[in-house]
Amino acid sequence: MLVEIPNLLTKEEVAHCRDLLGASDWVDGKVTAGAKSAGAKHNLQVPESSPAALTLGDLILSKLGRNERFTSASLALRVFPPLFNRYDSGMKFDTHIDNAIRFVPQALTGGASIRVRTDMSATLFLTDPADYDGGELVVLDTFGEHRVKLAAGHMVLYSASSRHHVTPTTRGSRWSSFFWIQSMVRDEAARVMLFELDAAVQGLRKQYGDTSEVVSLTGLYHNLMRRWSEA
Ligand code: NI
């Protein structure tokens, strides 16, 4: 599954993110990599409990909460606090799979231990594609290779179980936010069916209004959610 979420952030919000990130400290991206992927990872990150990461993370979470396409595609139960990275010229991230379970830093949870099962990975692009070369996110799934490079403010959601890499940046610097989502629906095939059913029902409702068939299909959607979700 690979779903684009266009215009998650407005141009003004992207500019605000870039201002705060530009004034922030950056550290080696290996700090949040698992032991196996650290060797593959060559980028810079904003420290996860830095003021810029916390402020911008809250902005992104509030925008996600109001985004219907994100809600429908992810059926999110938990979202890992957004992280921020950059790939300057020559930086890249070789092929890897994201860790299955991530612990939210206790500095952000008031000491509580909160785990997120990473069902989906998200990348929110924060640099205009005209301002850098390379830096493509390449996701490998059963249907082959998908190359993703989106406008600033757009986001891609993809299966965290897929192998993926970021090609070397050869000009400019590619900035983004990245994070993971634990879905209420763990099974990806079931989640994709719910996403498609929701889109079809919304389309029918727009075309025909709340006919008894539309109401019946809406009921089926919710009854499948009851059967398949953990909330
Ligand atoms: Ni990854």
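What you see is a predicted model; the values in this text were computed from it and never measured.

With that settled, consider the domain arrangement of the chain. Split by domain assignment, the chain resolves into domain 1 (2-183) and domain 2 (188-228). Centre-to-centre, using C-alpha coordinates, domain 1 lies 30 Å away from domain 2. Taken together, the contact pairs 11 residues of domain 1 with 7 residues of domain 2. In this assembly, domain 1 packs against domain 2 so that about 680 Å² is buried in total across both faces, 60% of it on carbon and sulfur atoms. At the junction of domain 1 and domain 2, the tally comes to 0 salt bridges.

This part is about the nonpolar core. Side chains that are nonpolar tend, in soluble globular proteins, to be buried together. Among the nonpolar cores identified, the biggest contains 27 residues, and Leu21, Phe84, Leu126, Met155 and Leu157 are the most heavily contacted of them. Those elements that place two or more of their residues in this core are strand 1 (2-5), helix 1 (11-22), helix 3 (51-65), helix 4 (68-74), strand 10 (120-125), strand 14 (155-159) and strand 17 (174-183). Per-element tally for this core: the top contributor is helix 3, with 4 residues. Excluding its chain neighbours within four sequence positions, the residues that come into contact with Leu126 are Leu9, Val14, Cys17, Arg18, Leu21, Phe84, Ala152, Trp175, Ser176 and Ser177.

Further remarks concern empty space enclosed by the protein. The method is simple in principle: a probe with the dimensions of a water molecule rolls over the atoms, and the space it marks as empty is what remains. Using the criterion set out here, one finds 1 cavity of 30 Å³ or more in the structure. The space that makes up the largest cavity amounts to roughly 290 Å³. What lines the largest cavity is a set of 25 residues, among which Phe93, His96, Asp98, His164 and Phe178 lie closest to the centre. If you list the elements that add at least two residues to the lining of the largest cavity, you get strand 6 (83-87), strand 7 (92-96), strand 10, strand 15 (163-166) and strand 17. In terms of residue count, the dominant contributor to the lining of the largest cavity is strand 17 (5 residues).

Here the focus is the packing of helix 5 (residues 188-208) against helix 6 (residues 212-228). Where helix 5 meets helix 6, the closest approach of the two axes is 10 Å, and the angle between their N-to-C directions is 160°. Considered as vectors, helix 5 and helix 6 are oriented roughly antiparallel to each other. Remark: the crossing between helix 5 and helix 6 carries left-handed chirality. Packed against helix 5, whose contacting residues are Ala190, Met193, Leu194, Leu197, Asp198, Val201, Leu204 and Arg205, the element helix 6 presents Val214, Leu217, Thr218, Tyr221, Leu224, Met225 and Trp228 at the interface. A class-by-class count of the residues in the contact of helix 5 with helix 6 yields 12 nonpolar, 1 polar and 2 charged.

Quick look at the packing of helix 1 against helix 3 now. Each pair of packed helices gets described by two things: the angle between the helix axes and the distance between those axes. The N-to-C vectors of helix 1 and helix 3 enclose an angle of 160°; their axes lie 9 Å apart at closest approach. Taken together, the axis directions place helix 1 and helix 3 in an arrangement best described as roughly antiparallel. Crossing geometry of helix 1 relative to helix 3 is assigned as left-handed. Contacts from Glu13, His16, Cys17, Leu20 and Leu21 in helix 1 reach Ala52, Thr55, Leu56, Leu59 and Lys63 in helix 3. Residue composition of the contact of helix 1 with helix 3, grouped by class: 6 nonpolar, 2 polar and 2 charged.

How each quantity is defined
Residues numbered from 1 in each chain as written. Predicted model: local features only at pLDDT ≥ 70, side-chain atom pairs only at ≥ 80, totals over all residues. Heavy atoms only, no water. Domains from an automatic or database assignment. Contact = heavy atoms within 4.5 Å. Buried area = accessible area lost by both parts, 1.4 Å probe. Salt bridge = Lys/Arg side-chain N within 4 Å of Asp/Glu carboxyl O. Core = buried A, V, L, I, M, F, W, Y, C linked by side-chain atoms within 4.5 Å. Buried < 20%, exposed > 50% of the residue type's maximum accessible area, 1.4 Å probe, protein only. Helix = DSSP H or I, 4+ residues; strand = E, 2+ residues; numbered from the N terminus. 1 Å grid on protein atoms, 1.4 Å probe; cavity = no way out; pocket = protein on both sides within 12 Å on 5 of 7 lines; lining within 4 Å. Points joined across faces, edges and corners; volume = space filled by probe spheres on them. Axes fitted to C-alpha atoms, helices over the stretch in contact; angles between N-to-C directions. Parallel < 35°, antiparallel > 145°, perpendicular 65-115°, else oblique. Left-handed = near helix turned anticlockwise from the far one by under 90°. Nonpolar A, V, L, I, M, F, W, Y, C, P; charged D, E, K, R; others polar.

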